[in-house]
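# Structural features, examined
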Amino acid sequence: DYEKFARKIPVAGYDRVRPFVMRMISGEKDVLWPGVTRRFAQSSGTSDGKSKYIPVTDDSLRLNHYRGAGDSVAHYLSLYPESRMFAGKGFVLGGSFSNELKHVPSGVTVGDLSANLIDAINPVANLFRVPSKRVALLTDWQEKLPALIEASGKSDITNISGVPSWFLTVLRGVLEHTGASEIHEVWPNLEVFFHGGISFEPYREQYARITGPARMRYLETYNASEGFFAVQDLREPGSMLLLLDAGVFYEFVPLDQSGESYPDAVPAWEVEQGRTYALLITAPNGLWRYAIGDPVRIES
């Protein structure tokens, strides 16, 4: 039961997890998760300046990352049943497999989470999105940007997905390439931007200037290298819906106990409205009671 689980397993930050992950990267099996893991997401650095490498297991892809993306689309369609997003194509902007590790074993991929997601996705999905996998995974941005502009300019784009800062550069490139003043002149059926990774607020006004604001919707996702956790609740501005059916078990630690190995954490069914907690996750990527470092406030 939950109480025994919390007593037996200490809370872990990345400094405790790193040695196990490096064993997994070297090919050792049954370390943090059953079997051999061949995909890893390089995430932002820790306090010691080193990057984090997060296992991306087949189970985490199936139960969490792809499930979370599906839940986000389903949430959007439930709010906007008249949507025509599947009448055209989605423009998915991802990263690459460039990384800081010098010696990666054959068959192991290390890079941005988005690169792992694009590389592992069911090939059928490629019929409904641009660009091609080859272009999507290009490492050199000087080569990638023109290729993205070329690939997207010939398609009927109805939805876009990615990090706001990266996508702003691409959209400006498309406008410059086509001579259009706003993006709906190029993609008249564009209706929604699924975005995440960083706050959208610093970019909101810039997006408003290059889109038809009345025709554009925005849906934020809380999708980290460690997992897909939440999607914006458009019925309550500023709030996000925690995805409780996407493979992740959540715990919440009072902020004054952050950093403790056995804090007085509570599960989701015992949180207090209005209180701010540090988030813990246990997920099918082998992260057990893992402190991701994010504070979250319970709105309702």
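Here's what I pulled together on the structure shown here. The model shown is predicted, which means the values in this text are computed figures rather than measured ones.

Cut-off values and rules
- Residues numbered from 1 in each chain as written.
- Predicted model: local features only at pLDDT ≥ 70, side-chain atom pairs only at ≥ 80, totals over all residues.
- Heavy atoms only, no water.
- Helix = DSSP H or I, 4+ residues; strand = E, 2+ residues; numbered from the N terminus.
- Rg over C-alpha atoms; globule rule 2.2 N^0.38 Å.
- Buried < 20%, exposed > 50% of the residue type's maximum accessible area, 1.4 Å probe, protein only.
- Contact = heavy atoms within 4.5 Å.
- Areas by Shrake-Rupley, 256 points an atom, 1.4 Å probe, with all protein chains shown as cover.
- Lys, Arg positive; Asp, Glu negative; His and termini not counted.
- Charge placed at Lys NZ, Arg CZ, Asp CG, Glu CD.
- Patch = residues over 30% accessible without salt bridge, like charges linked within 9 Å, V, L, I, M, F, W, Y side chains within 5 Å.
- Salt bridge = Lys/Arg side-chain N within 4 Å of Asp/Glu carboxyl O.
- Pairing = 2+ DSSP bridges.
- 1 Å grid on protein atoms, 1.4 Å probe; cavity = no way out; pocket = protein on both sides within 12 Å on 5 of 7 lines; lining within 4 Å.
- Points joined across faces, edges and corners; volume = space filled by probe spheres on them.
- Core = buried A, V, L, I, M, F, W, Y, C linked by side-chain atoms within 4.5 Å.
- Phe/Tyr/Trp six-rings, centres within 6.5 Å; stacked < 30°, edge-to-face > 60°.
- Lys NZ or Arg CZ within 6 Å of the ring centre and 35° of its normal.

### Here's the deal with the overall build of the protein chain
- For the protein chain, the count of helices and strands is 8 helices and 14 strands.
- Radius of gyration (C-alpha) of the protein chain: 20 Å, near the 19 Å computed for a compact globule of 300 residues.
- Here the C-alpha coordinates of the protein chain stretch approximately 60 × 50 × 35 Å along the principal axes.
- Split into buried and exposed, the 300 residues of the protein chain put 48% on the buried side.
- By sequence separation, contacts in the protein chain at least 24 residues apart represent 63% of the contacts at least 6 residues apart.
- Accessible surface computed for the protein chain: about 14800 Å², of which carbon and sulfur atoms make up 53%.
- The averaged location of the 36 negative side-chain charges in the protein chain is 5 Å from the averaged location of its 30 positive side-chain charges.

### Considerations on a nonpolar patch on the surface
- A surface patch of nonpolar side chains, about 320 Å² in accessible area, is lined by Val124, Leu127 and Phe128.
- Looking at where Phe128 falls in the secondary structure, it is placed in the loop between α4 (113-120) and β5 (129-130).
- In this structure Phe128 comes out as partly exposed when scored by relative accessible area, which is 48%.

### Re the pairing of strand β3 (residues 89-92)
- Looking at chain direction, β3 and strand β6 (residues 157-162) are connected through 4 bridges and run parallel. Paired with Gly90 across the two strands is Asn159, which belongs to β6.
- Sheet analysis places β3 next to β5, joined by 2 bridges and oriented parallel. Residue pairing across strands places Phe91 opposite Val130, the latter belonging to β5.

### Observations regarding the sheet that holds strand β10 (residues 240-242)
- Read across the sheet, 7 strands follow the order β5-β3-β6-β7-β8-β9-β10 without closing on themselves; strand pairing throughout is mixed. Strands at the two margins of the open sheet, each flanked by one partner only, are β5 and β10.

### A short note on the layout of surface pockets
- Each pocket or cavity is described by its volume, and for the second largest pocket that value is around 350 Å³.
- For the second largest pocket, the lining is made up of 23 residues, of which Val11, Ala12, Gly13, Gly259 and Ala291 are closest to its centre.
- Breaking the lining of the second largest pocket down by element, the ones donating at least two residues are α2 (14-25), β13 (276-282) and β14 (290-297).
- The biggest single contributor to the lining of the second largest pocket is β14, with 5 residues.

### A word on the environment of Pro105
- With respect to the helices and strands, Pro105 occurs in the loop between β3 and β4 (109-111).
- Given the relative accessible area of 30%, Pro105 is considered partly exposed.
- Pro105 sits 83 residues away from Pro188 along the chain, and the two C-alpha atoms are 46 Å apart.
- Dropping the residues within four chain positions of it, Pro105 is found in contact with Ile25 and Ser26.

### Things to note about the nonpolar core
- Counting 36 residues, the largest nonpolar core has Val17, Val21, Phe229, Phe252, Ile281 and Tyr290 as the members making the most contacts within it.
- Ranked by residues supplied to this core, first place goes to α2 with 5 residues.
- Beyond its immediate sequence surroundings of up to four residues, Tyr290 is in contact with Ala12, Gly13, Tyr14, Val17, Lys52, Ile54, Glu226, Leu279, Leu280 and Ile281.
- Ile160, Leu168, Leu190 and Phe193 belong to the second-largest nonpolar core, a separate cluster that totals 28 residues.

### What about the packing of aromatic side chains?
- For the structure shown, the criterion picks out 19 aromatic pairs.
- Arranged with centres 5.0 Å apart and planes meeting at 75 degrees, the rings of Phe91 and Phe167 form a pair that is edge-to-face. Separated by 76 residues along the polypeptide, Phe91 in strand β3 and Phe167 in helix α7 (residues 164-178) bring together distant segments of the chain. Across the pair, Phe167 and Phe91 agree in class, each one buried.
- When the ring of Phe193 is compared with that of Tyr218, the centres are 6.4 Å apart and the planes differ by 65 degrees; the resulting orientation is edge-to-face. With Phe193 in strand β7 (residues 192-196) and Tyr218 in strand β8 (residues 217-224), this residue pair connects regions lying 25 residues apart in the sequence. The same class applies to Phe193 and to Tyr218, which are both buried.
- Chaining the aromatic ring pairs together yields one cluster made of Phe91, Phe167, Trp187, Phe193, Phe200, Tyr207 and Tyr218.
- The lysine or arginine in question, Arg217, covers the ring of Tyr80, its NZ or CZ lying 3.7 Å from the ring centre.

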